[in-house]
Every structure is written in structure tokens, then in C-alpha cells.
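In case you want the letters, here they are:
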Amino acid sequence: MLKALELTRQDYFQGETTKPKCVQLLPSAEEKTQKIVIGDSKGHFHSFGFRKGELKHVFQTSLGQPINCVILGGVIGGPRDRIFVSSTTEVQGFSRKGKRFMKIAPGTSEPVSSIHVEGIDLLVCGSHALLHYRDLKDYNYISCGDKISSILSLPAHKVGCVMPVLACKDRILRVYKLARHVPDHTLPSMEDVIVSLTTHILGKQLEDGCQLEGGDLAAVPNDKTHNVLAGMMGA
């Protein structure tokens, strides 16, 4: 029999409004201080941690534009401890201590709405376009049939390549492999943010680009409830 948990609320920080996917929890490092990074609608990007129950600021900077997305990246198969922040026209990368190590202005007329990083691959989404950069150089371009809400990628170290998954406003999850369109998956409502993505089958089925059975995906619907929809891609 499961025992019910008694949860209490404790407020540590109050800031400006944020968009979806603008708060990230950094993996614990040797100092064992849990750190959080936040980007807000005023363009402020800051990190703070907790030590002995007290809030400690690590760094704070301003991008000068509203922040649309904050995601984590790193070496494929290793800890995702690099911080990537997108504003309307730029994507910047920071270390966990706040030192900027990259900055790129995607060559698109569409504002940057969401990003994903998989090793040396940077995926940048506008309203209807996906730009793929490898080592910060143009690598691929995909035009999407509907407005893009969010993006993730199947784990490259498991499937052997970068496979973007786009959640779109028409309730379709669009999956691509080497810019080739893999069969779509329809969800029961429009999705704002893909929150988790894993796959369990590897090898020939993914090479054929026909089936993604066993790929589990959870997405947050845009009706602002706390319900999480789970779908099976290729079902």
C-alpha cells in the first residue's frame, strides 16, 4: 500500500514572468549544491543554488531581449551541464558558472521560439522552420507544415544520429531523420512543450525510419492544466 505524501510549499524566489522551458535544474556537481537557472521576459538570466537551506546567487546577466527558452546540453552520453539560452534573434551558451562561450544569430526572418542541443548539434526553431547547426555551421534546414510549439531530439548516442521531434499546433508530432520525414503521431490536444523523450528500440527499425514503437513521449497540453498526456510514437 502506497503511503500518501504530505507536501508543503516554501517560496525561495520571486522574479519576472517566464515562458515555458525557461527554468532548468542543473545536474549536481562535486560541490553538491543544487543549482537552478532561469530566464525571464525582461531578458534577465540568472542562476542560484541552495546551500544549507539558504538561497545563494551564482550569477546574473541580461541579454537585452525577452528570453524564449533555456535548455541544457553537453557531451553526448555525459552530463548536460552547459546552459543554452535563446532570445528572439540570438542563441547563447554559458558554463554553469555563467561564462559565455558561444553566441550565434540564426539566419532566419522568424523569431527563435525554441531550441535543443545534442552534443555538437544545435537545433533552432522559428514559427515554421527548423535550422540545424553542427559545430555552429549550417548543416540542414527543414520547413514544417504547421506552427512549431516545441522540439526535442531522440538520444543521438542511442539511435546513431540526430532525430528531431517537433510538437506542432495541429496536434502532430513530426519526426525527422537526416531531414527525411518519419511517420507522424497525432495527439489528442495541441501541445505547448515536450517534456520528456526516450526510446528503447535501436538498430534496424530506426534505420528503416518506419517504426518508433517503444518510444515514450510525454507532452504538456496547452489548456494550462497539470495533466500530462503520454503517447506512443508510431502506435
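The structure contained in this document is the topic of the report that follows.

**Structural notes on the overall build of the protein**
In terms of regular secondary structure, the protein is built from two helices and 19 strands. Across the 235 residues that make up the protein, the buried fraction comes to 44%. Within the protein, contacts between residues at least 6 apart in sequence are counted, and of these 40% link residues at least 24 apart. When the accessible surface of the protein is split by element, carbon and sulfur atoms take 52% of a total near 12900 Å².

**Brief notes about the sheet that holds strand 5 (residues 69-73)**
The strands that make up a sheet are held in pairs by hydrogen bonds between backbone atoms, and each pair lies either parallel or antiparallel. Pairing within the open sheet is antiparallel, and its four strands lie in the order 5-6-7-8. Edge positions in the open sheet fall to strand 5 and strand 8 (100-104), since each of these has one partner strand only. Direction aside, neighbouring strands of the sheet carry axes that sit 20° apart on average. Relative to strand 8, strand 7 (residues 91-94) runs antiparallel, the two being bridged by four bridges. When the bridges of strand 8 are listed, V91 appears paired with I104.

**Some words on the nonpolar core**
A general tendency of soluble globular proteins is for nonpolar side chains to be buried together. V91, I115, L122 and V124 are the most contacted members of the largest nonpolar core, which totals 14 residues. The set of elements that each furnish at least two residues to this core consists of strand 5, strand 8, strand 9 (114-118), strand 10 (121-125) and strand 11 (129-134). The element contributing the most residues to this core is strand 11, with three residues. Excluding residues that lie within four positions of it along the chain, I115 makes contacts with K21, C69, I71, F84, V85, S86, V91, L123, V124 and I151.

**Some remarks on the pattern of salt bridges**
Under the defined criterion, the tally for this structure stands at six salt bridges. Here D170 ties to R174 by a salt bridge, and the two come within 2.8 Å at their closest N and O atoms. Residue class for D170 comes out partly exposed when judged on its relative accessible area of 26%. Relative accessible area serves as the criterion here: at 9%, R174 is assigned to the buried category.

**Regarding the packing of aromatic side chains**
Tallied over the entire structure, the rule returns four aromatic pairs. Between F45 and F59 the ring centres are 5.5 Å apart and the planes differ by 65°, which places this aromatic pair in the edge-to-face class. In this pair, F45 sits in strand 3 (residues 44-51) while F59 sits in strand 4 (residues 54-62), placing the two residues 14 residues apart along the sequence. Each member of the pair F45 and F59 is classed as buried. Seen in terms of ring centroids, F45 and F94 are 5.0 Å apart; in terms of plane orientation they differ by 45°. Their pairing is tilted. Here F45, found in strand 3, pairs with F94, found in strand 7; they are 49 residues apart in sequence, far enough to count as distant. For the pair shown, F45 and F94 are each scored as buried. One aromatic cluster is present, built from ring pairs that chain together F45, F59 and F94. Note that R82 overlies the ring of F101, its terminal NZ or CZ placed 4.9 Å from the centroid.

**Comments concerning the side chain of S86**
As for its placement among the helices and strands, S86 is situated in strand 6 (residues 82-86). Here S86 is in contact with P66, I67, N68, C69, V91, V112 and I115, once residues within four sequence places are set aside.

Cut-offs and rules
Residues numbered from 1 in each chain as written. Predicted model: local features only at pLDDT ≥ 70, side-chain atom pairs only at ≥ 80, totals over all residues. Heavy atoms only, no water. Helix = DSSP H or I, 4+ residues; strand = E, 2+ residues; numbered from the N terminus. Buried < 20%, exposed > 50% of the residue type's maximum accessible area, 1.4 Å probe, protein only. Contact = heavy atoms within 4.5 Å. Areas by Shrake-Rupley, 256 points an atom, 1.4 Å probe, with all protein chains shown as cover. Pairing = 2+ DSSP bridges. Axes fitted to C-alpha atoms, helices over the stretch in contact; angles between N-to-C directions. Core = buried A, V, L, I, M, F, W, Y, C linked by side-chain atoms within 4.5 Å. Salt bridge = Lys/Arg side-chain N within 4 Å of Asp/Glu carboxyl O. Phe/Tyr/Trp six-rings, centres within 6.5 Å; stacked < 30°, edge-to-face > 60°. Lys NZ or Arg CZ within 6 Å of the ring centre and 35° of its normal.

Treat this as a map of the structure, not an account of what it does.
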